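Here's the letter readout for the chains.
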Amino acid sequence: MLHQKFQETHAQLIELGVNLLQYLIEFRESRQGIDGTSLDSVQADIQKALTALKESRYEVAVVAPMKAGKSTFLNSMIGADLLASESAACTICRTEVRHIQPGQTPRLMEYWEGRERSILVEGDAQAIQQKFLERTRELRTNRENNPETAYPKKFELWYPIEAVQDLPALSGFTLIDTPGPNEWEAGTLSREMVALREATLAALRQCNVVIFVLNYRSARDNANDELFKAITQGRQELLQDNKARIYFILNQVDLRSDRDPTIEQTLTDLRAELSKFGFQNPEIYAASAFQGLLSKLIQAKTATEGQIRDFKRFFSAAYAQTNEDGDQVIPAPHKIAPFALRDSNIPEIQTKVFATIIQSAGWNLLGDVLEQFDKSAGAIEDTLKTEIAGWKQNIATLERRVKEYSQRAETARKKLETVKAKVNQQEVVLIQGFGIAIDTFTKASKHRIEQEIENVVAARQANSQGQREAMRKQKEIGNRVVDIIEDTREPAIRVLDILPIPAFIPRIVDAVVGLFVGGGRSLWEYLHESTENASNFSDSNSYLFKFSEKSQAKVFFKQINDFCVPHLQDWWAGVQDRLIREGTQIREELAETIRLDVQEISDELSSYLGEALEVDLNINPIQFPSFDFKGIDDQVNEYQERYTGTTKGKRRTCFDLIEWDEPVETQEARKFYEIDLKRVLAAFQQQIDDGSTMSQKTLKRVIKNQIQDDFQNAKKQLEDYINRFDQQLKCLLEERQSQAERTPEKIAALEQARTNLKGVLTRLEQMQEVLKCP
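Figured I'd write up the structure that's included with this text. This one's a predicted model, so the numbers in the text were calculated from it and none came from an experiment.

## Description of the pattern of salt bridges
Working step 1: Counted under the stated rule, the structure contains 39 salt bridges.
Working step 2: For arginine 94, the salt bridge is made with glutamate 96, and the minimal N-O distance between the two is 2.8 Å.
Working step 3: According to the relative accessible area criterion, arginine 94 is partly exposed, its value standing at 26%.
Working step 4: On the basis of relative accessible area, glutamate 96 is assigned to the buried category, the value being 3%.
Working step 5: Glutamate 745 is the partner of arginine 742 in a salt bridge, and the nearest nitrogen-oxygen pair spans 2.9 Å.
Working step 6: For glutamate 745, a relative accessible area of 47% puts it in the partly exposed group.

Given below as structure tokens:
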């Protein structure tokens, strides 16, 4: 089986790394510190690769548009009734369930922006679930009383996940419960809907597997269609590249009645429906997560009396047997549980998920680690070859070689500066290009909000002229939105024609513009009932809305906020997704350019050193292993956290995180309360400017630091190589001058060390053959 082969290879690779590390430690100890620190970096690289093998995380995100039994599905994979499944306690923020070994203490932790994590509870599944439920209710109540109250950044649950108990190679397995609404009004954009869309896009970019859980009874609801449309629009390439990592679960199929279509027919219809959104040939699995969970609990002998009753009530009858007297006999739950678990389809889903992780991330990690071990072993071998050759040369020749190598090393360092200058130029170009995209977003979003406000005012002005005239004016203004956005695009394109911007930036600009053109409810439609409650004074200021009751004014303002904020968040989430995806691609291309440039310098040194000492040295491969190649998403999150950790008040880093307080206070007069839409508009536009400025700064830091990190990574590998031989040759020369009489003894010891190393090198070659055909 694939799982078994991966497990065996993983274990063999750990053993190989441990042996290599042990060999290096013993070799250095036997030399009694003669090599100084020349092999420090080699030892650190081996240890880092071993750590990656043992601790690398594999993330599976679970997404559910609406009440689909997501928590129950997660519990069925965990094998414990851990996550609360009551409708009032749906996921309020990202929740990570991290696998720990049996015997370790399960715990629930809470993370807030700019704060240290806090442990909420430690104990068994029941204690964790109860505390989690209480905390979720508390946070939700606080939000209901004050809509501007923030939620934690994430919850983290450490608990043994039954699904991976027999897969120690996947000990870093993590289930991610994405936040989302329990319900929403079709056609209405809410903050919760935007949060779910954003979390889904992030999961598609970051996670090893993404699972969509759909309810058997409501799999084809309009709300689900809205989510899939928002996720897939303009992202066909992303879906195509990641289709092997996306699964759909049609949950709660145990609810099917005899009058319903067959499960096979339902799956066929659902595949056809999903294909309309770009999910070509989607993998869909029918499942009963509740049946799977109860079956696991019964098998583990951890089911409560209530859970056993539920199992008997809902699932036992399907396994009734007829005895010799013709009576229907239902076996005990513990006898049925293995068959019920199989029929729930949860084991098959787990197998597919693990296969996907192993085939992509798992084998890739093993390949990266093996490359690092091979490089480290090559460095040790080169050290031995160099010393043996150095002891065999006469001292005068060795002195000349040491001097020449120092000169060559200095030349190599100067060439590195040339590479750095080219990297700096690319960095400036990228920052300018992304800046143009954010500027385009800023102008377009300000125009769009302005037109929504103008739409409301025009409709109000036209109200006295009749409804037909009002609708005509709204249509004219809607057309002007497109014209104004196109006017925003043109200056950006003209700048692109002047600057040496990468080709993908114009595509981003077009994508940004496309976000603002489309249907959906307008602000006027959203406010229509409230505007009817506003007094129509005869003054000339149509932007001023007056209400006889303060509560009416508050509702009116809240509706403006509830409309504008989610739209801004949604627009920015789309821009950010495109920037991150394009930025990741160009960053990887640039990193490869850096690697090749530095590799060329390294090869020149290796060639000279081998010729000078008359030995065949290994090539020093410049590497960017996946376990050391941080993504754009991680960097953005990291810089946002750093920002919030050093400032007070609410974070205003990106639009997806902006929370607007009431920018306009209602002004109390004797008989009315008023809200001035001009002031509201000015406040929103200022918030857009502030958010754009902060996003520009964040993005600039991310681009600058990632590109420089890539260069520094490659530079360090070359400098480690230079310094290793520089120190080694100098130490060797000093030994030759002071211990010439021990030459035969030294050569014999080094040859023996080289012979001992051959066993590790042979094992490395065997592992390379294994990984060629995983």
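On we go.
## Considering the pairing of strand β5 (residues 154–159)
Working step 1: For β5, the buried fraction is high: five of the six residues fall into the buried class.
Working step 2: Judged from the six bridges that link them, strand β2 (residues 94–99) and β5 form a sheet pairing that is parallel. Bridging across to β5, glutamate 96 finds its partner in glutamate 156.
Working step 3: Where strand β3 (residues 107–111) lies against β5, five bridges are found, and the strand directions are antiparallel. In the sheet register, glutamate 110 faces β5, and the bridge partner there is phenylalanine 155.

## Quick look at the sheet that holds strand β6 (residues 173–177)
Working step 1: What the nine strands build is an open sheet, ordered β4-β3-β5-β2-β6-β1-β7-β8-β9; its pairing is mixed. The sheet is open, and its two edges are formed by β4 (118–122) and β9 (283–286), each paired on a single side. Looking at each pair of strands side by side, their axes are set apart by 20 degrees on average, direction ignored.
Working step 2: The pairing of β3 with β4 spans four bridges and is antiparallel. Looking at the pairing, leucine 108 lines up with valine 121 of β4.
Working step 3: Packing against the sheet, helix α12 (residues 346–392) makes contact with β1 (58–63), β6, β7 (209–215), β8 (246–251) and β9, and its axis sits at approximately 140 degrees to β1.

## With respect to helix α9 (residues 289–299)
Working step 1: For α9, the tally of buried residues reaches nine of 11 residues, placing the bulk of the element in the interior.
Working step 2: Ala289, Gln291, Gly292, Leu293, Leu294, Ser295, Lys296, Leu297 and Ile298 are the residues of α9 that are buried.
Working step 3: Its buried side turned inward, α9 meets α3 (70–78), β8, α10 (305–314), α11 (333–344) and α12.
Working step 4: The positive-phi residue at the C-terminal boundary of α9 is lysine 301, with phi of around 60 degrees.

What counts and what doesn't
- Residues numbered from 1 in each chain as written.
- Predicted model: local features only at pLDDT ≥ 70, side-chain atom pairs only at ≥ 80, totals over all residues.
- Heavy atoms only, no water.
- Salt bridge = Lys/Arg side-chain N within 4 Å of Asp/Glu carboxyl O.
- Buried < 20%, exposed > 50% of the residue type's maximum accessible area, 1.4 Å probe, protein only.
- Helix = DSSP H or I, 4+ residues; strand = E, 2+ residues; numbered from the N terminus.
- Pairing = 2+ DSSP bridges.
- Axes fitted to C-alpha atoms, helices over the stretch in contact; angles between N-to-C directions.
- Contact = heavy atoms within 4.5 Å.

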